[in-house]
Amino acid sequence: MPALYTAANKNGGMEHNLGVLSLERVVRQCFPDLTADNPIMILCDGHGSHLMLALIKFCLANHMHIILHVPHPSHLTQGEDLTNFKLFKVAYRKRKHARFAKLFAEHKPHLLKASDVMPIVTPAWEAAFAPEYHLCGWKEAGIVLFTRSVMHTIIRIE
């Protein structure tokens with residue numbers, strides 16, 4: 001089981017170099033075979049820390065493509081909030097409750113250990129963030145990826 005890694009500034013938020021540290025210590029470790037022919041996509045919410053030059057350089061050097069939402073978006077414009085996280089929360093809660101039920105049935109303490117987290121989170125995450133759900137969420141938000149048609153439509157309306 002890999003070590004659990006967390007980071008935050010003194011106020012508990014995300015800023016500056018924490019994005020690079022997270023990518024380096026968590027994401028990069030999960031994808032040891034990244035190459036120019038085998039990159040990954042990092043979807044960021046538009047927080048200012050995602051626009052830091054150090055983060056962009058790290059991603060370029062490690063074959064990570066960044067897709068940014070506009071800064072300070074509404075949950076209604078983020079397809080992940082509309083679809084993926086909704087599905088994830090349901091699946092996560094179901095798996096977590098099943099784990100607690102098993103602990104209860106075995107007369108064990110009702111506490112999740114670090115070793116319980118990934119077996120609960122991973123299947124829920126993989127199901128909720130499957131590519132088809134991304135596309136549904138982006139469509140619901142009115143976002144068309146990898147095309148200029150949205151911009152062309154906006155320009156024509158203005």
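Residues numbered from 1 in each chain as written. Predicted model: local features only at pLDDT ≥ 70, side-chain atom pairs only at ≥ 80, totals over all residues. Heavy atoms only, no water.

**So, the overall build of the protein chain**
Point 1. Counting its regular elements, the protein chain contains six helices and two strands.
Point 2. Traced from its N-terminal end to its C-terminal end, the protein chain shows the element sequence α-β-α-β-α-α-α-α.
Point 3. Out of the 158 residues in the protein chain, the part that is buried amounts to 24%.
Point 4. Taking the intrachain contacts of the protein chain between residues at least 6 apart in sequence as the baseline, contacts between residues at least 24 apart amount to 64%.
Point 5. For the protein chain, the computed accessible surface area is about 11300 Å², with 63% contributed by carbon and sulfur atoms. (Helix = DSSP H or I, 4+ residues; strand = E, 2+ residues; numbered from the N terminus. Buried < 20%, exposed > 50% of the residue type's maximum accessible area, 1.4 Å probe, protein only. Contact = heavy atoms within 4.5 Å. Areas by Shrake-Rupley, 256 points an atom, 1.4 Å probe, with all protein chains shown as cover.)

**A closer look at the packing of helix H1 (residues 18–30) against helix H2 (residues 53–61)**
Point 1. Between H1 and H2, the least distance of the axes is 8 Å, while the angle of their chain directions is 25°. One finds that H1 runs roughly parallel with respect to H2. Residues Gly19, Val20, Leu23, Glu24 and Arg28 of H1 touch H2, and the partners they reach there are Ala54, Leu55, Phe58 and Cys59. (Axes fitted to C-alpha atoms, helices over the stretch in contact; angles between N-to-C directions. Parallel < 35°, antiparallel > 145°, perpendicular 65-115°, else oblique.)

**Some words on the nonpolar core**
Point 1. Membership of the largest hydrophobic core is limited to 10 residues, which are Val20, Leu23, Leu34, Ile40, Ile42, Cys44, Leu55, Phe58, Cys59 and Met64.
Point 2. Those elements giving two or more residues to this core turn out to be H1, strand E1 (40–44) and H2. (Core = buried A, V, L, I, M, F, W, Y, C linked by side-chain atoms within 4.5 Å.)

**Some remarks on the side chain of Glu80**
Point 1. Relative to the helices and strands, Glu80 is located in helix H3 (residues 79–105).
Point 2. Sequence-distant contacts of Glu80, that is, excluding residues within four places in its chain, are made with Leu43, His69, Phe85, Phe129, His134 and Trp138.

**Some details on a nonpolar patch on the surface**
Point 1. On the surface, Leu53, Ile56 and Leu60 cluster together to form a nonpolar patch covering roughly 300 Å² of accessible area.
Point 2. On the secondary structure map, Leu60 appears in helix H2.
Point 3. With a relative accessible area of 64%, Leu60 lands in the exposed category. (Patch = residues over 30% accessible without salt bridge, like charges linked within 9 Å, V, L, I, M, F, W, Y side chains within 5 Å. Salt bridge = Lys/Arg side-chain N within 4 Å of Asp/Glu carboxyl O.)

**Section: the environment of Ala61**
Point 1. Relative to the elements of secondary structure, Ala61 occurs in helix H2.
Point 2. Residues Ala61 and Ala36, spaced 25 residues apart in sequence, show a C-alpha to C-alpha distance of 9.5 Å.

**Description of the pattern of salt bridges**
Point 1. On inspection of all chains with the given rule, the structure shows three salt bridges.
Point 2. Where Asp116 meets Arg99, a salt bridge forms, and the shortest distance between an N and an O atom there is 3.0 Å. With Asp116 in helix H4 (residues 114–128) and Arg99 in helix H3, this residue pair connects regions lying 17 residues apart in the sequence.
Point 3. For Glu106, the salt bridge is made with Lys108, and the minimal N-O distance between the two is 3.3 Å.
Point 4. What makes Glu106 partly exposed here is its relative accessible area of 34%.
Point 5. Each of Lys102, Glu106 and Lys108 takes part in salt bridges that share partners, so that together they form one network.

**Brief notes about the packing of aromatic side chains**
Point 1. Taken as a whole and assessed by the stated rule, the structure comprises five aromatic pairs.
Point 2. With centroids separated by 5.1 Å and ring planes inclined at 75°, the aromatic side chains of Phe85 and Phe129 adopt a geometry described as edge-to-face. One end of the pair, Phe85, is in helix H3; the other, Phe129, is in the loop between H4 and helix H5 (131–141), and 44 residues separate them in sequence.
Point 3. Phe129 gets classed as buried once you look at its relative accessible area, which sits at 14%.
Point 4. Plain terms: the ring middles of Phe88 and Trp125 are 5.4 Å apart, the flat faces sit at 75° to each other, and that makes the pair edge-to-face. Separated by 37 residues along the polypeptide, Phe88 in helix H3 and Trp125 in helix H4 bring together distant segments of the chain.
Point 5. Residue class for Phe88 comes out buried when judged on its relative accessible area of 13%.
Point 6. Residue classification places Trp125 among the partly exposed positions, given a relative accessible area of 39%.
Point 7. By way of ring pairs, the aromatic residues Phe85, Phe88, Tyr92, Trp125 and Phe129 are connected into one cluster. (Phe/Tyr/Trp six-rings, centres within 6.5 Å; stacked < 30°, edge-to-face > 60°.)

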